4 protein chains.
Amino acid sequence: MTAEAAEARAEPGLYRWERRTEWPMVTLSVLFLALYAWNVLQPDMPDSLNRAISTGMWVTWVAFAIDYVVKFALARERGRFFVRHLFDLAVLVLPLLRQLRVLRVVMVLLMLNRKSQGQVRGRVVLYVSGAVALLGFSAALAVLEVERRAPDSTIKTFGDAVWWTMTTITTVGYGDYSPVTDRGKFIAAGLMIAGIAMLGVVTGSIASWFVDRFGGIERQLEQTSSDSRRLDDDSEALRAEIGVLREEIASLRQELTASKAETRGHD
Amino acid sequence: MTAEAAEARAEPGLYRWERRTEWPMVTLSVLFLALYAWNVLQPDMPDSLNRAISTGMWVTWVAFAIDYVVKFALARERGRFFVRHLFDLAVLVLPLLRQLRVLRVVMVLLMLNRKSQGQVRGRVVLYVSGAVALLGFSAALAVLEVERRAPDSTIKTFGDAVWWTMTTITTVGYGDYSPVTDRGKFIAAGLMIAGIAMLGVVTGSIASWFVDRFGGIERQLEQTSSDSRRLDDDSEALRAEIGVLREEIASLRQELTASKAETRGHD
Amino acid sequence: MTAEAAEARAEPGLYRWERRTEWPMVTLSVLFLALYAWNVLQPDMPDSLNRAISTGMWVTWVAFAIDYVVKFALARERGRFFVRHLFDLAVLVLPLLRQLRVLRVVMVLLMLNRKSQGQVRGRVVLYVSGAVALLGFSAALAVLEVERRAPDSTIKTFGDAVWWTMTTITTVGYGDYSPVTDRGKFIAAGLMIAGIAMLGVVTGSIASWFVDRFGGIERQLEQTSSDSRRLDDDSEALRAEIGVLREEIASLRQELTASKAETRGHD
Amino acid sequence: MTAEAAEARAEPGLYRWERRTEWPMVTLSVLFLALYAWNVLQPDMPDSLNRAISTGMWVTWVAFAIDYVVKFALARERGRFFVRHLFDLAVLVLPLLRQLRVLRVVMVLLMLNRKSQGQVRGRVVLYVSGAVALLGFSAALAVLEVERRAPDSTIKTFGDAVWWTMTTITTVGYGDYSPVTDRGKFIAAGLMIAGIAMLGVVTGSIASWFVDRFGGIERQLEQTSSDSRRLDDDSEALRAEIGVLREEIASLRQELTASKAETRGHD
């Protein structure tokens, strides 16, 4: 929230644009992924259809390019913008390598990520699971496209690709299926890193859950008890002393009254 | 505790039913697993026995179905119930695919899980270890049943299946044994996810133990010292000032006595 | 510390015995491991030497048995002792299976573990690393002894066994070497679990280090706030009492003025 | 910071030398790595160039040796220095084994590590990622040099080596490529340990991020500062009120003295 507010103050134009184009962009990314999946999963499609799909993918690409340019134009601190959006730029330029186009779906994740800021733990875990699933699906598609026609490759069907993705992202790595082409290995490397990250998020969230649930309580309890004990002793002592003070003043008063009475009496 | 209490207040009927049917359900799940194990581990059993076992398994299935329907009828917020029990429903409907029936044992875990809420860390870890063991056993059975007769499969005996389960759930993945059928791979995927979760719980619990034991101590030490220092300074100052007050009042009293004596004396 | 002290109070005899026999036991365990290693690593030794080594191993076994019996005799709550030392008992009885004898070294770890209670994080990490190294070494020995003569096994030399241990305990699992005998697989399963535990400790300690280093400050602030709230209550009480003091002194003053006026008046 | 300051106080000469030689050392390490990479990646280079590169590598080695000796001479507590720099010594002496020379780059990491002390989480993660990348690159070079000419080895090109490094450091371990020579396996073991450490840091940082973010701490940050401020105000107020008390009593005393004087006077 605060982070978003700060951004809104620092880059009002950029922020307004991003909020307005958010959902169109998500839609475009999903559309792109759908087209890409279709393209990969039905290799022997009529040329007309094939051409239509390619066109669709390029349209999404152009849309993303325009979005990037507009953002850059709206940005106040362009240097900062450029550095912070290097990944977006890479996603725009790299797609000349066909298999890397799927990286574009990561844009969706980045957007959702900004949304999930300041949410409860469950939401973050959910978001990451979704991101991993999406990445896995994209990786499976990309690897299938790359490996399918490679000589002595083991990944021939989408089933093989999904199975390989599972064994890789969980770092199980049987090795019954593994990419043999350079591009395939490049995609695999990305997938492994995603796997590590996923492991980290799963473990991290469970760990923090443990810390909150069990550590927190125990620690606070003993801490509090020791503190309050110390505090009680202290205030006890202080109250005692003040009590003594009150008695002294009380007796002091009595004597005053007495002396007053005497003074009156001896007249 | 509190979570359970809240649930009891929100859904009294549902809660009462669940508490009453808890142990019968656990028993049924265990029975189902036993029957399934028997069925898988002794493939060449006489038809009569085979039929008896199948009947037993279907009885447990019906019991679970009735349980679900009753719960749904008792629920106040049915939409919420439906969403939160989608998994139970899946477990009820999916078993038409034979190998997925074992998913039903997960119901036991879910029940125990509710029990283990608000327990100390050790209990949760124990529970998870049990859950993993149970899942592993079920997965070994299911994979064996699927792979046993598949051509060029490597998992032929229960020993193979258990060994494969170990290598998969620990994400070691030698690849000397791995499923070749689609169903087997589907089961394996579930097992890998369970493995990741187990890793997360083990690591998470150790991490929180570290945080409590060492972070805790260090933090408490410095915390306490700084606290007591602050407290000492405070009470020191207060005591000092109160001490001065006492002296002043004491001398004040002496003078009063003196003046009284004089007053008396000069009569 | 406190835990140890509590144990000392609960089981004085047992505690005294354990403290006295600690180092002899460690020595015996190391000796046993050394003998076992020698036995495995030099398979074609003269019978006389072989017999000598076996004798030595059995002597250590007897020593451990006596230790267990004495402890059991010294224990006050024997049921509790039995439950808490089931592992020691298993280690004593299982060795009839040759390859499991190495489990005995774990006893050393358990002892060191008790020592490392209440130590700083670094010590625990060090201890765990040592434990993992020791377990790995034992597992390599045991697996080598089991697999060496098995037909179509891949683990033929100690080098193979160590390499296999590394790939297994880190959950890398290339699969270029893997056990083929049931006993070997049993040992491997233990090693995998040790690997998971090691992963957990490494990650856990790093996580807690992060939490302390970077989360520490925030937590202290939080702590302080709760403290200061408690302090506020205290000072409230103090202020009230001092308020009373002021009123008393104020009235005291009025009376003084009055008495003064009278004294002046009656002249 | 404080740790660095303490070191500066304990070992002023050493500290000054280290600060002065820091960047030259980093430069030398990078230079060495570059030369080594060139040497490995272009095996069939003209002898003259080969000799030049070897010379360069030995120059760096000599520089490191001199650095170590000077440090040792400057150290006050030499025993402590020796123990704490055993690794540096090993890196200096081991290089006689060619493939271990790359360990020298770890020196860079150690230096950067000292820098990254007391930095925010992000910096530590960044540093570790860099360290892992550097280690991976070095390991790929070393393994390639070792395995390239080994009979029936699978790692023949730098691409193979990098791919193998990825699968190893992420603990995926397909096993399609794995070292067959003892030296290669030794390097692999180091890489696996690095992989475990990386996993630990990734998970640990995410876990602590979760703990901080969702442990319900930030909320209290502002309120805490205000609390502690109020705490100070409070004790101020208390002191003020007690001060007033003292004044009242002082004046009370004066009046008493006055009345006494009068009483005496009117006799």
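Residues numbered from 1 in each chain as written. Chains lettered and ligands numbered in written order. Predicted model: local features only at pLDDT ≥ 70, side-chain atom pairs only at ≥ 80, totals over all residues. Heavy atoms only, no water.

## Quick word on the overall build of chain A
Put simply, the rule is: Helix and strand assignments follow DSSP, with helices taken as H or I runs no shorter than four residues and strands as E runs no shorter than two, numbered in order from the N terminus. Should any heavy atoms of two residues lie within 4.5 Å, those residues are counted as being in contact.
Within chain A, the secondary structure is distributed over 9 helices and 0 strands. Starting at the N terminus and ending at the C terminus, chain A contains elements arranged as α-α-α-α-α-α-α-α-α. Residue pairs in contact within chain A that sit at least 24 positions apart in sequence constitute 62% of those at least 6 positions apart.

## Digging into the UniProt feature "transmembrane region" (unreviewed entry) in chain A
Residue and element names in this part refer to chain A. We count it as follows: UniProt positions are given in the numbering used here, feature names are shortened, and annotations may be inferred rather than shown by experiment.
Per the UniProt entry, the sites bearing "transmembrane region" (unreviewed entry) are residues 23–41, 53–74, 124–144 and 186–211 in this numbering. Across residues 23–41, helical content stands at 100% and strand content at 0%; the span's end C-alpha atoms are separated by 27 Å. Here residues 53–74 runs as 100% helix and 0% strand, with 32 Å between its end C-alpha atoms.

## Quick look at helix 8 (residues 158–169) of chain C
All names here are of chain C. Put simply, the rule is: Expected span of a helix, by definition, is 1.5 Å for each gap between consecutive residues, and there is one gap fewer than residues. In this scheme, a residue with accessible area under 20% of its type's maximum is buried, one over 50% is exposed, and one in between is partly exposed, where area comes from a 1.4 Å probe on protein chains only.
If you check helix 8, its first and last C-alpha atoms are 16 Å apart, about what 12 residues at 1.5 Å a residue would give, namely 16 Å. Those residues of helix 8 that sit buried are Asp160, Ala161, Trp163, Trp164, Thr165, Met166, Thr167, Thr168 and Ile169. Of the residues flanking the end of helix 8, it is Thr171, one or two places downstream, whose phi is positive at about 60°.

## Observations concerning the environment of Ala140(C)
All names here are of chain C. Tracing the sequence through the fold places Ala140 in helix 7 (residues 121–147). Residues Ala140 and Arg19, spaced 121 residues apart in sequence, show a C-alpha to C-alpha distance of 31 Å. Setting aside anything within four residues of it in sequence, one finds Ala140 in contact with Phe158, Ala161, Val162 and Thr165.

## Re the packing of aromatic side chains
Short version of the rule: Geometry of aromatic contacts follows a simple scheme: Phe, Tyr and Trp rings, the Trp one being its six-membered ring, pair when their centres are within 6.5 Å, and the pair is stacked under 30 degrees between planes, edge-to-face over 60, tilted otherwise.
Tallied over the full model, the rule gives 24 aromatic pairs over all chains. A ring pair is formed by Trp163(A) and Tyr174(A), whose centres lie 5.8 Å apart and whose planes are at 25°; its orientation type is stacked. With Trp163(A) in helix 8 (residues 158–169) and Tyr174(A) in the loop between helix 8 and helix 9 (182–265), this pair connects stretches of sequence that are 11 residues apart. Measuring from ring centre to ring centre gives 5.9 Å for Phe72(C) and Phe81(C), while their planes differ by 65°; the resulting arrangement is edge-to-face. Taken together, the aromatic side chains of Tyr68(A), Phe72(A) and Phe81(A) make up a single cluster linked through ring pairs.

## A closer look at a nonpolar patch on the surface
What counts is decided by this rule: A patch consists of residues exposed above 30% relative accessible area that lack any salt bridge, with like charges linked at up to 9 Å and nonpolar side chains (Val, Leu, Ile, Met, Phe, Trp, Tyr) linked at up to 5 Å. Each accessible area is a Shrake-Rupley result for a 1.4 Å probe, and residues are judged covered by the shown protein chains and nothing else. Only one rule defines a salt bridge in this text: a Lys or Arg side-chain nitrogen within 4 Å of an Asp or Glu carboxyl oxygen.
Among the surface-exposed residues, Phe72(A), Phe82(A), Val83(A) and Leu86(A) lie close enough to one another that they form a single nonpolar patch of about 350 Å² accessible area. With respect to the secondary-structure elements, Phe82(A) resides in helix 4 (residues 78–84).

## So, unusual backbone geometry
Peptide bonds are, in most cases, trans, and in most cases residues other than glycine have a negative phi. Positive phi outside glycine occurs at Thr171(A), with the angle close to 60°. By the secondary structure assignment, Thr171(A) is in the loop between helix 8 and helix 9.

## Describing helix 5 (residues 86–93) of chain C
The test is simple: Here the arc refers to the set of directions running from the helix axis out to each C-beta atom.
For helix 5 of chain C, every residue scored as buried is listed here: Asp88(C), Val91(C) and Leu92(C). Axial view of helix 5 of chain C: buried residues confined to an arc of 100°, hence all on one face.

## Brief notes about the nonpolar core
Rules: What we call a nonpolar core is a set of buried Ala, Val, Leu, Ile, Met, Phe, Trp, Tyr and Cys residues that are connected through their side-chain atoms within 4.5 Å.
Counting residues in hydrophobic clusters, the biggest one holds 156 residues, and the most contacted among them are Trp164(A), Trp164(B), Trp164(C) and Trp164(D). When neighbours within four sequence positions are excluded, Trp164(A) is seen to be in contact with Val143(A), Ile155(A), Tyr177(A), Ser178(A), Pro179(A), Ala188(A), Leu191(A) and Tyr174(D). Core analysis: the next-biggest nonpolar cluster, separate from the first, contains 10 residues, Tyr68(C), Ala75(C), Phe81(C) and Leu92(C) among them.

## Some remarks on the packing of helix 2 (residues 12–41) of chain D against helix 3 (residues 47–74) of chain D
Working note: a packed helix pair is described by the angle between its axes plus the distance between those axes. Residue and element names in this part refer to chain D. As a reminder, the rule being used: Axis lines are fitted through C-alpha atoms, for helices just across the contact stretch, and the angle between N-to-C directions can take any value from 0 to 180 degrees. Working definition: roughly parallel below 35 degrees, roughly antiparallel above 145 degrees, roughly perpendicular at 65 to 115 degrees, and oblique for all remaining angles. Throughout, a crossing is termed right-handed when the near helix is turned clockwise from the far one, and left-handed when it is turned anticlockwise from it by less than a right angle. Gly is placed with the polar residues, together with every amino acid not listed as nonpolar (Ala, Val, Leu, Ile, Met, Phe, Trp, Tyr, Cys and Pro) or charged (Asp, Glu, Lys and Arg).
In contact at an axis separation of 10 Å, helix 2 and helix 3 are set at 160° when each is read in the N-to-C sense. Judged by the angle between their axes, helix 2 and helix 3 are roughly antiparallel. Here helix 2 and helix 3 pass one another in a crossing that is left-handed. Of the residues contributing to the contact of helix 2 with helix 3, the split by class is 16 nonpolar, 7 polar and 3 charged.

## Overview of the pattern of salt bridges
Residue and element names in this part refer to chain A. According to the stated counting rule, one finds 8 salt bridges over all chains in the structure shown. When the shortest N-O distance is used, the salt bridge between Asp67 and Lys71 registers 3.2 Å. Pair noted here: Asp67 and Lys71 are both in helix 3 (residues 47–74), with a separation of 4 residues, about one helical turn. Of the two residues examined, Asp67 and Lys71, each falls in the buried class.

## As for the side chain of Glu11(D)
All names here are of chain D. Stated formally: Counting of polar contacts relies on pairs of N or O atoms within 3.5 Å, with two restrictions inside protein: one atom must be capable of donating a hydrogen and the other of accepting it, and residues adjacent in sequence are counted only when both atoms are side-chain atoms.
As for its placement among the helices and strands, Glu11 is situated in the loop between helix 1 (2–10) and helix 2. A polar atom in the side chain of Glu11 sits 2.7 Å from the backbone nitrogen of Arg76. Of note is the side chain of Glu11, whose polar atom sits 3.2 Å from the backbone nitrogen of Glu77. Not counting the four nearest positions on each side in its chain, Glu11 is found in contact with Leu74, Ala75, Arg76, Glu77 and Arg80.

## Regarding the environment of Ile196(D)
Here Ile196(D) shows up in helix 9 (residues 182–214). Once the C-alpha coordinates of Ile196(D) and Asp88(D) are considered, the two residues, 108 residues apart in sequence, prove to be 22 Å apart.

## Points about the environment of Leu86(D)
All names here are of chain D. For Leu86, the location among the structural elements is in helix 5 (residues 86–93). Here Leu86 falls in the partly exposed class, since its relative accessible area comes to 44%. Along the sequence, Leu86 and Gly200 sit 114 residues apart, while their C-alpha atoms lie 24 Å from each other.

## Details of the confidence of the model for chain A
Residue and element names in this part refer to chain A. Operational definition: Summary of the metric used: pLDDT quantifies the predictor's per-residue confidence within the range 0 to 100.
With 67% of its residues at a pLDDT of 70 or more, chain A has an overall mean of 76. Within chain A, the element-level pLDDT minimum falls on helix 6 (residues 105–116), averaging 59, and the maximum on helix 8, averaging 93. Contacts from residues 216–222, a stretch scored under 50 in pLDDT, to residues over four places away or in other chains number 13 contacts. Note on the complex model: pTM 0.76, ipTM 0.71.

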